[in-house]
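Listed below are the residues making up each chain.
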Amino acid sequence: MKLEQALREYERRIEKLKKERTKIEEKYLKKLDKNKKEVLKRIEVLEQREIPRDVDDRIKKIVGAEKRMYVSTLRRMLEKVGSMEDFGKLLPELSKLHVSHGKYLLILFEKDVYAINRILKRMSEEYQEYLKKISETQIPSIDIEAIENEREKISREINLLIDERRDIETSIEQRKKELEKFYREADLENIEKEIKELERELKKDEVELRSKISKLQKPIKRMRTGEEIARRIIENSYYGVEHPNEFLSFLMHIYPRLEGKYRKTAEWLLENLKDRAEEIRKVKKKLSELINEREEILSDGRDIQEEIELLKRKLGEKEEQITKLRERLEKLEMEYDESIRRLEALLGKKIERG
């Protein structure tokens, strides 16, 4: 059976069951109205009943109050009943009324109360019959068309998001190319290389000079000259690189007191430190200029970079939306398959899916 045929058959059965439900409701509503009228008549009779004269005055007073309460409460309840649904809602209150109408009322007006209770019991039993018959007309809710409409809607949304994602990806690539072009024209790559080369050169030269000066820390410490330059050199050998003239002046002063390998180290420093320190100063200056230049280039390209990052965040949001919609689409596919299986079970036929 084709799906369209199956859905038409399903709708036909629903309409048939709706008519059956209407007939059942009308049938039991007539019974309900008849019973309600009978109870109201019985209530009116009870209301007119006089309390026997031989009853104690105290009991008369209690029974009178019980009768008024019972009659007014039951009448008020039944006046609210206009449908089977109304009666179903009223049943719990009626059950409470049965056990709370008062023992003296039951003793003095036993026949009237029991007659009313019999009718109410009949009404309750008929309501249970009604519920049973209505339940037999139940049909599983199968809304394949709604599922198909939602699937189509979500599929359209996914396709739209995919197009938007593609546009964002294109924009990101364009901005990246613009940034690369800007950096290329600004010669950023070569500046980066030169910075790394100068950093390596600087580190090598600084390590060499610090190593030479460090070798003299021990004899300087033993000399106990008391000079500030001596203390600084002992604490940090790089001080000599940063203040070559001051250190060389001190070194010439202590040179005569040095021996062996310390004297050779001092000779090397006296001969090379000033020039090497000057080279380090120049390299540092050049390195600082290049770092500043690099920072200016990166700063100029930051607007484009920030735009790229913003586009990447938007891209992530689109991806998240697509993922959620695809998950919802998967659930709808499962709901669709389940609805088809339920429809097949209901109709007892295999359905061809379009």
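Conventions we followed
- Residue positions are counted from 1 within each chain, in the order its sequence is given.
- Given that this is a predicted model, residues contribute local features only at a pLDDT of at least 70 and side-chain atom pairs are listed and counted only at 80 or more, while totals for whole chains, interfaces and linings are drawn from all residues.
- To get the side-chain values, take all heavy atoms of the structure and skip hydrogens and water.
- Put simply, DSSP marks the helices as runs of H or I at least four residues long and the strands as runs of E at least two long, and each gets a number from the N terminus on.
- Our radius of gyration is a C-alpha quantity, and the globule rule it is checked against amounts to 2.2 Å times the number of residues to the power 0.38.
- Accessible area is worked out with a 1.4 Å probe on protein chains only. A residue is then buried under 20% of its type maximum, exposed over 50%, and partly exposed in between.
- Only the protein chains shown count as cover for residues, with accessible areas throughout obtained via the Shrake-Rupley method and a probe of 1.4 Å.
- Two aromatic rings from Phe, Tyr or Trp, using only the six-membered ring of Trp, form a pair when their centres are within 6.5 Å; if the ring planes differ by under 30 degrees the pair is stacked, by over 60 it is edge-to-face, and anything between is tilted.
- Whether a charge sits over a ring comes down to the Lys NZ or Arg CZ being within 6 Å of the ring centre and within 35 degrees of the ring normal.
- We call two N or O atoms a polar contact when they sit within 3.5 Å, provided that within protein one can donate a hydrogen and the other can accept it, with sequence-adjacent residues counted only if both atoms are side-chain atoms.
- Contacts are assigned to residue pairs that have any heavy atoms within 4.5 Å of one another.
- Only the contacting stretch of a helix is used when fitting its axis, a line to C-alpha atoms as for every element, and angles between N-to-C directions run 0 to 180 degrees.
- Note on angle classes: values under 35 degrees are labelled roughly parallel, values over 145 roughly antiparallel, values of 65 to 115 roughly perpendicular, and the remainder oblique.
- When residue character is reported, Ala, Val, Leu, Ile, Met, Phe, Trp, Tyr, Cys and Pro are called nonpolar, Asp, Glu, Lys and Arg charged, and the others, Gly included, polar.
- The length a helix should cover is 1.5 Å for every residue beyond the first.
- Note on bend: at a given residue it equals the angle between the axes fitted to the 7 residues ending there and to the 7 starting there.
- Patches were defined on residues exceeding 30% relative accessible area and lacking a salt bridge, with like-charge contacts within 9 Å and nonpolar side-chain contacts (Val, Leu, Ile, Met, Phe, Trp, Tyr) within 5 Å.
- For salt bridges, the criterion is a side-chain nitrogen of Lys or Arg within 4 Å of an Asp or Glu carboxyl oxygen.
- Counting rule applied: Lys, Arg positive; Asp, Glu negative; His and chain ends not counted.
- Think of each charge as sitting on NZ of Lys, CZ of Arg, CG of Asp or CD of Glu.
- Each crossing is labelled by how the near helix is turned from the far one, with a counterclockwise turn of less than a right angle marking it left-handed and a clockwise turn marking it right-handed.

**Q** Would you explain the overall build of the protein chain in this entry?
**A** Check the secondary structure of the protein chain and you find 13 helices and zero strands. Start at the N end of the protein chain and walk to the C end: the helices and strands fall as α-α-α-α-α-α-α-α-α-α-α-α-α. Radius of gyration (C-alpha) of the protein chain: 51 Å, far over the 20 Å computed for a compact globule of 354 residues. Taken along the three principal axes of its C-alpha coordinates, the protein chain extends 145 × 70 × 35 Å. Looking at the 354 residues of the protein chain, the share that counts as buried comes to 34%. If you sum the accessible surface of the protein chain, you get close to 23,500 Å²; carbon and sulfur atoms cover 47% of it.

**Q** In this structure, what is going on with the environment of Leu-270? I would like to understand it.
**A** Here Leu-270 lies in helix α12 (residues 260-300). Along the primary structure Leu-270 and Ala-115 are separated by 155 residues, whereas in three dimensions their C-alpha atoms are 131 Å apart.

**Q** Whenever I open this one, the packing of aromatic side chains confuses me. Can you help?
**A** Working definition: an aromatic ring pair is given by the centre-to-centre distance plus the angle between the planes. Following the criterion strictly, the structure yields four aromatic pairs and no others. Taking 5.8 Å as the distance between ring centres and 70° as the angle between the ring planes, the aromatic pair formed by Phe-87 and Tyr-127 counts as edge-to-face. Note that Phe-87 is positioned in helix α3 (residues 84-98) and Tyr-127 in helix α5 (residues 110-136), a separation of 40 residues in sequence. Accessibility classification places Phe-87 together with Tyr-127 in one group, the buried group. Through a chain of ring-to-ring contacts, the aromatic side chains of Tyr-28, Phe-87, Tyr-127 and Tyr-130 assemble into a single cluster. The ring of Trp-268 is capped by Lys-212, whose NZ or CZ atom sits 4.9 Å from the centre of that ring. We note Arg-263 situated over the ring of Tyr-255; from NZ or CZ to the ring centre the distance is 4.6 Å.

**Q** Even after reading the chapter, I still don't get the side chain of Gln-217, so can you show me in this structure?
**A** Of note, Gln-217 is situated in helix α8 (residues 217-223). Of the polar contacts made by the side chain of Gln-217, one reaches the backbone oxygen of Ile-233; its length is 2.8 Å. Within the structure, the side chain of Gln-217 is placed 3.3 Å from the backbone oxygen of Ile-234, a separation counted as a polar contact. The residues touching Gln-217, leaving out its near neighbours within four places in the chain, are Ile-233, Ile-234, Asn-236 and Ser-237.

**Q** Where do I start with the packing of helix α9 (residues 228-235) against helix α11 (residues 244-254) in this structure?
**A** One way to put it is that α9 packs onto α11 with a least axis distance of 10 Å and a crossing angle of 110°. It follows that α9 is roughly perpendicular to α11 by the angle criterion. Listed contacts from α11 to Ile-229, Ala-230 and Ile-233 of α9 are Glu-246, Phe-247 and Phe-250. Residues belonging to the contact of α9 with α11 are distributed by class as follows: five nonpolar, no polar and one charged.

**Q** How should I be thinking about α12 in this particular structure?
**A** Since one α-helical turn is 3.6 residues long, residues separated by three or four positions face the same way. The terminal C-alpha atoms of α12 lie 57 Å apart, and with 41 residues this matches the ideal 60 Å at 1.5 Å per residue to within 8%. Of all bends in α12, the biggest is about 50°, found at Asn-272. Among all positions of α12, only Tyr-262, Thr-265, Ala-266, Leu-269, Leu-273, Arg-276, Ala-277, Ile-280, Val-283, Leu-287, Leu-290 and Ile-297 are buried. In this structure, the buried side of α12 is in contact with α6 (144-185), α7 (188-214), α8, α10 (238-242) and α11.

**Q** Before we go on, may I ask you to explain a positive patch on the surface in this structure?
**A** Together, Lys-215, Lys-218, Arg-222 and Lys-261 make up a region of like positive charge exposed at the surface. Take Arg-222: it is sitting in helix α8.

**Q** Teacher, can you tell me more about a negative patch on the surface here?
**A** A cluster of like negative charges, contributed by Asp-187, Glu-194, Glu-197, Glu-201, Asp-275, Glu-279, Glu-289, Glu-293, Glu-296, Asp-300, Asp-303 and Glu-306, occupies part of the molecular surface. Looking at the negative patch, the element that brings in the most residues is α12, giving six residues. By the secondary structure assignment, Glu-194 is in helix α7. Glu-194 sits in the partly exposed class, given a relative accessible area of 31%.

**Q** Can you walk me through the pattern of salt bridges in this structure?
**A** A side chain with one charge can pair with a side chain of the opposite charge if their charged atoms come near. With the rule as written, the count across this model stands at 30 salt bridges. For the salt bridge of Glu-333 with Arg-151, the shortest nitrogen-to-oxygen distance reads 2.9 Å. Of this pair, Glu-333 sits in helix α13 (residues 302-347) while Arg-151 sits in helix α6; the two residues are 182 residues apart in sequence, bridging distant segments of the chain. What makes Arg-151 buried here is its relative accessible area of 17%.

**Q** It is not clear to me how the environment of Ala-65 should be interpreted in this structure. Could you clarify?
**A** Structurally, the position occupied by Ala-65 is in helix α2 (residues 57-79). With relative accessibility at 37%, the residue Ala-65 sits in the partly exposed group. As a C-alpha pair, Ala-65 and Leu-105 span 40 residues in sequence and 9.3 Å in three-dimensional space.

**Q** Explanation requested: the packing of helix α1 (residues 3-48) against α2 in the structure shown.
**A** Working note: a packed helix pair is described by the angle between its axes plus the distance between those axes. Running from N to C, α1 and α2 point in directions that differ by 160°, and their axes come no closer than 10 Å. On the basis of their axis angle, the class for α1 and α2 is roughly antiparallel. Note that α1 runs across α2; the crossing there is left-handed. Here Lys-36, Val-39, Leu-40, Ile-43, Glu-44, Leu-46 and Glu-47 of α1 lie close against α2, whose contacting residues are Lys-67, Tyr-70, Val-71, Leu-74, Arg-75 and Leu-78. Counted by class, the contact of α1 with α2 contains eight nonpolar, no polar and five charged residues.

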